[in-house]
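Spelled out, the chains give:
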Amino acid sequence: MTVRTVPAVLDHGRARARARAGSAAWLLLLCWPLWSLLTADPGLVRVAWALGGVALLAVCWLMITWRLFSGRGGSPRPWALAGLLGATLALFPVLGLPWAYVCFVLVVSALAATLRPAGFVAAAVVTAVVEVVVLWALGASFAGIWWVPLVIAVQAVVAQSLKQMGVLVMRLEAARAEVAQMAVENERLRFARDLHDILGHTLTSITIRSQLAARLARTDPDRAAREMTDVEHAARQALDEVRHAVTGYRAPALSEELDKAARGLRSAGIELDVSPAEGPIPASAEILLAWAVREAVTNVLRHSRARHCRIVLSVDDSAAGLEVRDDGTPTGEGPGATRTGHGLTGLAERVAEAGGRLEAGPSPGGGYRLCVRVPVEAS
């Protein structure tokens, strides 16, 4: 009764990897200017100048495209765009006309990935003007100049369209995740109804037979024994049915675990402070963090004299994290003892299977700290 989303997650991961590889392939455009330079017998200074500029441009380009095709659709860093533009201008004197004829492809794409539509239009116009001026200054003829602004305009339209398509794809993924969450909620409601149907009749039968056996215990002990045997059989059958029903359904929800933690700690006189994550946590990672919240709060309630507890959630492009801190001390344990147990061991196994990391132990400033970090795609 589980909602299987792993294939979709893998498909999205493969698509992002292919998009990043395809964007890195555009750096092959640098081969023509570099080959033209090296075959012209340049000096050592010009070669070092060219290689340094190309290296800076390649790093900035990869940074821009890596974040653009990340799972969370992060906006590229402004410094990466500034570095790419600076390297482009710095390479004009040393790479000449070949560089002028290929550089605008990378520049326009980087501008489209980084800027908003209004700013991108202005930047594309400036790019076309700079290209024309540079080509004219480098001695290009009119036949080698007039078509460049047209190509830049076409590329600008295509790049902006691809970016908008990427935004729509991200929204579609978010909608699919929401639909999956709604499916899980509907499945929970159906499970509640099924559980009632499974146990309602059986428990009613057990109650009636138990009452009958109690009345027959003195007058007909043999029949009472048979009735109790039937009661035992019905109870075992109900237990088996419940176990089958809950198989695959015991994944906790993070929001529910936080609510339970707040109620449990409040009843124990422990103040709870929760810092939510800055963005949505993927469902696969949320399950592990929910288990971590359950185990950490259980340890706080059972093994400490804490007065305050703090839960911090975090998420970024690669991983989701949870940190639980309290100001308590171990109870019923020797000095320096920790709160390890079967629950914490099981949690560590779950996190390790997902490729994550769990840290638990006394905090340097006192109290106890449990930290879990789970890779988003791996989980």
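Calculation rules
Residues numbered from 1 in each chain as written. Predicted model: local features only at pLDDT ≥ 70, side-chain atom pairs only at ≥ 80, totals over all residues. Heavy atoms only, no water. Helix = DSSP H or I, 4+ residues; strand = E, 2+ residues; numbered from the N terminus. Buried < 20%, exposed > 50% of the residue type's maximum accessible area, 1.4 Å probe, protein only. Contact = heavy atoms within 4.5 Å. Areas by Shrake-Rupley, 256 points an atom, 1.4 Å probe, with all protein chains shown as cover. Core = buried A, V, L, I, M, F, W, Y, C linked by side-chain atoms within 4.5 Å. Phe/Tyr/Trp six-rings, centres within 6.5 Å; stacked < 30°, edge-to-face > 60°. Lys NZ or Arg CZ within 6 Å of the ring centre and 35° of its normal. pLDDT = per-residue confidence, 0-100.

Colleague: How should I be thinking about the overall build of the protein chain in this particular structure?
Modeller: A tally of helices and strands in the protein chain yields 10 helices and five strands. Within the protein chain, the proportion of its 379 residues that are buried is 34%. Within the protein chain, residue pairs in contact and separated by at least 24 positions form 70% of the contacts whose partners lie at least 6 positions apart. On the protein chain, roughly 21900 Å² of surface is accessible, and the fraction owed to carbon and sulfur atoms is 63%.

Colleague: Where do I start with the nonpolar core in this structure?
Modeller: The nonpolar side chains of a soluble globular protein tend to be buried with one another. In terms of nonpolar packing, the biggest core is built from 44 residues, with Leu 30, Leu 57, Ile 64, Leu 84, Leu 95 and Trp 99 touching the most fellow members. When residues in this core are grouped by element, the largest group, 21 residues, is from helix α4 (residues 78-114). Not counting the four nearest positions on each side in its chain, Leu 57 is found in contact with Leu 27, Leu 30, Leu 84, Ala 87, Thr 88, Trp 99 and Leu 106. Leu 254, Ala 261, Ala 290 and Ala 306 belong to the second-largest nonpolar core, a separate cluster that totals 32 residues.

Colleague: Teacher, can you tell me more about the packing of aromatic side chains here?
Modeller: Any two aromatic rings considered together are summarised by their centre-to-centre distance and by the angle between their planes. This model, assessed by the stated rule, comprises one aromatic pair. A ring pair is formed by Tyr 101 and Trp 147, whose centres lie 5.7 Å apart and whose planes are at 10°; its orientation type is stacked. With a gap of 46 residues between them, Tyr 101 in helix α4 and Trp 147 in helix α6 (residues 147-219) connect regions that are remote in the sequence. Since its relative accessible area comes to 29%, Trp 147 is described here as partly exposed. Sitting above the plane of the Trp 291 ring, Arg 350 keeps its charged end 3.9 Å from the centroid.

Colleague: I would appreciate a short explanation of the confidence of the model for the protein chain in the present structure.
Modeller: Detail in the predicted coordinates should be disregarded across regions flagged by low pLDDT. Averaged over every residue, the pLDDT of the protein chain is 79; the share at 70 or more is 85%. Across residues 332-338 the pLDDT falls below 50, and counting only partners more than four positions away or on other chains, this stretch makes four contacts in the model.

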